[in-house]
Amino acid sequence: MVDYELTEAGIKKLVRSTDLNDRIYAARVLAKLEDDKFVPFLVELLRDINSTVRRAAMVSAGKLK
């Protein structure tokens, strides 16, 4: 996993990464970021092709309500 800043650009890189672990990490980080501008990234992860990423995004979405 590459170190990214938790800025909008950094989260975007994680969400769109080809590395599965980066996308799972992004989903978990998004649970802690309550700013509405990050919701589209969470929606993108909810539609991910990988079920593990989708599951992590669902948990984050549940935490954010």
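Further up the page is the structure itself.
Predicted, not measured: the structure shown is a model, and the values here were computed from it. (Residues numbered from 1 in each chain as written. Predicted model: local features only at pLDDT ≥ 70, side-chain atom pairs only at ≥ 80, totals over all residues. Heavy atoms only, no water.)

**Describing the overall build of the chain**
Within the chain, the secondary structure is distributed over four helices and zero strands. Of the regular secondary structure in the chain, the N- to C-terminal order runs α-α-α-α. Its C-alpha atoms give the chain a radius of gyration of 10 Å, within 12% of the compact-globule value 11 Å for 65 residues. Dimensions of the chain, computed from C-alpha atoms along their principal axes, come out at roughly 30 × 25 × 15 Å. Averaging the positions of the 12 positive and the 10 negative side-chain charges in the chain gives two centres separated by 6 Å. (Helix = DSSP H or I, 4+ residues; strand = E, 2+ residues; numbered from the N terminus. Rg over C-alpha atoms; globule rule 2.2 N^0.38 Å. Lys, Arg positive; Asp, Glu negative; His and termini not counted. Charge placed at Lys NZ, Arg CZ, Asp CG, Glu CD.)

**Focus: the environment of Asp35**
For Asp35, the location among the structural elements is in the loop between helix 2 (20-30) and helix 3 (39-46). Judged by its relative accessible area of 40%, Asp35 falls in the partly exposed class. A C-alpha to C-alpha distance of 10.0 Å links Asp35 and Leu64, two positions 29 residues apart in sequence. (Buried < 20%, exposed > 50% of the residue type's maximum accessible area, 1.4 Å probe, protein only.)

**Details of helix 3**
Buried within helix 3 are the following residues: Phe41, Leu42 and Leu45. Projected down its long axis, helix 3 shows its buried positions confined to an angular sector of 100°, all on one face. Where helix 3 is buried, its residues touch helix 1 (8-15), helix 2 and helix 4 (51-64). (Arc of directions from axis to C-beta. Contact = heavy atoms within 4.5 Å.)

**Looking at the nonpolar core**
Formed by 16 residues in total, the largest nonpolar core has its most connected members in Ile11, Val15, Leu30, Leu33, Phe38, Phe41 and Leu45. Elements that contribute at least two residues to this core include exactly helix 1, helix 2, helix 3 and helix 4. With five residues, helix 2 is the largest single contributor of residues to this core. With residues near it in sequence (within four places) discarded, Phe38 still touches Thr7, Glu8, Ile11, Leu30 and Leu33. (Core = buried A, V, L, I, M, F, W, Y, C linked by side-chain atoms within 4.5 Å.)

It is worth stressing that arrangement in space is one thing and function is another; only the former is reported here.
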